[in-house]
Amino acid sequence: MGAYDDSIIPLAGYDEQGRPPAGAPRSWENTDRAQAALDGATGPEPPSPPHCPHCGLAGERRPTYTGQHVLLEPGLVLPAHLVPGGHRWHIDSNGVAWNGGFEEPLTGARCRIPHHLACPGLSLDEIRPWRWLTAVRAENAHRARRTADEEGGPAALPDAG
């Protein structure tokens, strides 16, 4: 057997304790950013002012559990069943906003909406508040084509000669 070298060789860019350099993205940050984008937590980050980039109006900026910020419509609290799924925001006791997702809200629940849902600078096509409905419509179109393919053609082609 050869001599045993017990020194640890650090990975490139890491310090001798195996820590990444300061400011390097952590392994979960990309996932958090993707979830924040899906949730609509795309508000301007501090120290920028909490103004909408599309219309210039001020919104209520709240931090989210993903580390990003959401720009909420100031002072507007609505019955959750009136708000499209994916746009229902709730504020916890620490002031952190979280998205209620696409689950059916509890009876009597109230929520906040993101400013971009009410933004005069965006069209409904840009906002796409009913993403779930788009998915349902696409699935129904697929099922209709499949049903037509199964039922629409004759069982056997006629003998042409």
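The shown structure was predicted, so the numbers you read here are calculated from the model rather than taken from an experiment.

### Quick look at the pairing of strand β1 (residues 60-63)
- The pairing of β1 with strand β2 (residues 69-79) spans four bridges and is classified as antiparallel. Residue pairing across strands places arginine 61 opposite leucine 71, the latter belonging to β2.
- From the end of β1 to the start of β2, which pair antiparallel, there are five residues, and glycine 67 there has a positive phi angle of about 90°.

### A closer look at the environment of alanine 109
- Among the structural elements, alanine 109 can be located in the loop between β4 (97-99) and β5 (110-114).
- Between the C-alpha atom of alanine 109 and that of leucine 78, which follows or precedes it by 31 residues, the distance is 8.6 Å.

### Thoughts on the pattern of salt bridges
- Enumeration over the complete set of coordinates arrives at two salt bridges.
- For arginine 62, the salt bridge is made with glutamate 60, and the minimal N-O distance between the two is 2.7 Å.
- Here arginine 62 falls in the partly exposed class, since its relative accessible area comes to 21%.
- Arginine 112 is the salt-bridge partner of glutamate 60, the closest N and O atoms lying 2.7 Å from each other.

### With respect to the confidence of the model for the protein chain
- Residues at a pLDDT of 70 or more form 75% of the protein chain, whose mean pLDDT is 81.
- Note on residues 1-11: pLDDT is under 50 here. Beyond four places in sequence and across chains, it has one contact.

### With respect to the environment of leucine 78
- With respect to the secondary-structure elements, leucine 78 resides in strand β2.
- The spacing of leucine 78 and arginine 110 is 32 residues in sequence and 5.4 Å in space, taken between C-alpha atoms.
- With near-sequence residues (within four places) excluded, leucine 78 lies in contact with Val83, Ala109, Arg110, Cys111 and Ile113.

### Considerations on unusual backbone geometry
- A cis geometry characterises the amide bond from proline 46 onward to proline 47, with omega recorded as 10°.
- Its location among the elements puts proline 47 in the loop between α1 (29-39) and β1.

### Focus on the nonpolar core
- Core analysis: the biggest nonpolar cluster contains ten residues, these being Cys52, Leu71, Ala80, Val83, Cys111, Ile113, Leu117, Cys119, Leu122 and Ile127.
- Counting six residues, the second largest nonpolar core, distinct from the first, contains Ala36, Ala41, Val70 and Leu72.

### Looking at the pairing of β5
- Here β5 lies mainly inside the structure; four of its five residues are buried.
- Alignment of β2 against β5, held across four bridges, turns out to be antiparallel. The residue bridging valine 77 from the neighbouring strand is arginine 112, located in β5.

### Considerations on the state of the cysteines
- Tallied over the entire structure, the rule returns zero disulfides.
- Cysteine cysteine 52 is unpaired, with the sulfur of cysteine 119 as its nearest cysteine sulfur at 3.7 Å.
- Take cysteine 52: its relative accessible area is 6%, and that puts it in the buried class.

### A word on a nonpolar patch on the surface
- Residues Phe102, Leu124, Trp130, Trp132, Leu133 and Val136 make up a contiguous nonpolar surface patch of about 590 Å² in total accessible area.
- Of all the elements, helix α4 (residues 131-152) adds the most residues to the nonpolar patch, at three residues.
- Note on placement: leucine 133 falls in helix α4.

Criteria and thresholds
The numbers attached to residues start from 1 for each chain and follow its sequence in the written order. For a predicted model such as this one, the threshold for reporting local features is a pLDDT of at least 70, and the threshold for listing and counting side-chain atom pairs is 80 or more; totals across whole chains, interfaces and linings nevertheless cover every residue. No hydrogens and no water enter the side-chain calculation; it runs on all heavy atoms of the structure. Strand pairing is assigned whenever DSSP identifies at least 2 bridges connecting the two strands. Think of it this way: any DSSP run of H or I at least four residues long counts as a helix, any run of E at least two long counts as a strand, and we number them from the N terminus. What counts as a salt bridge is simple: a side-chain nitrogen of Lys or Arg found within 4 Å of a carboxyl oxygen of Asp or Glu. Relative accessibility decides the category of a residue: with a 1.4 Å probe and only protein chains considered, values under 20% of the type maximum give buried, values over 50% give exposed, and everything between is partly exposed. pLDDT gives the predictor's per-residue confidence on a scale running from 0 to 100. Contacts are assigned to residue pairs that have any heavy atoms within 4.5 Å of one another. In these notes, a set of buried Ala, Val, Leu, Ile, Met, Phe, Trp, Tyr and Cys residues joined through side-chain atoms within 4.5 Å is what counts as a nonpolar core. Defined by distance alone, a disulfide is two cysteine sulfur atoms within 2.5 Å. To count toward a patch, a residue needs a relative accessible area over 30% and no salt bridge; like charges are then connected within 9 Å, while nonpolar side chains (Val, Leu, Ile, Met, Phe, Trp, Tyr) are connected within 5 Å. The Shrake-Rupley method, run with a 1.4 Å probe, gives the accessible areas here. Residue values count only the displayed protein chains as cover.

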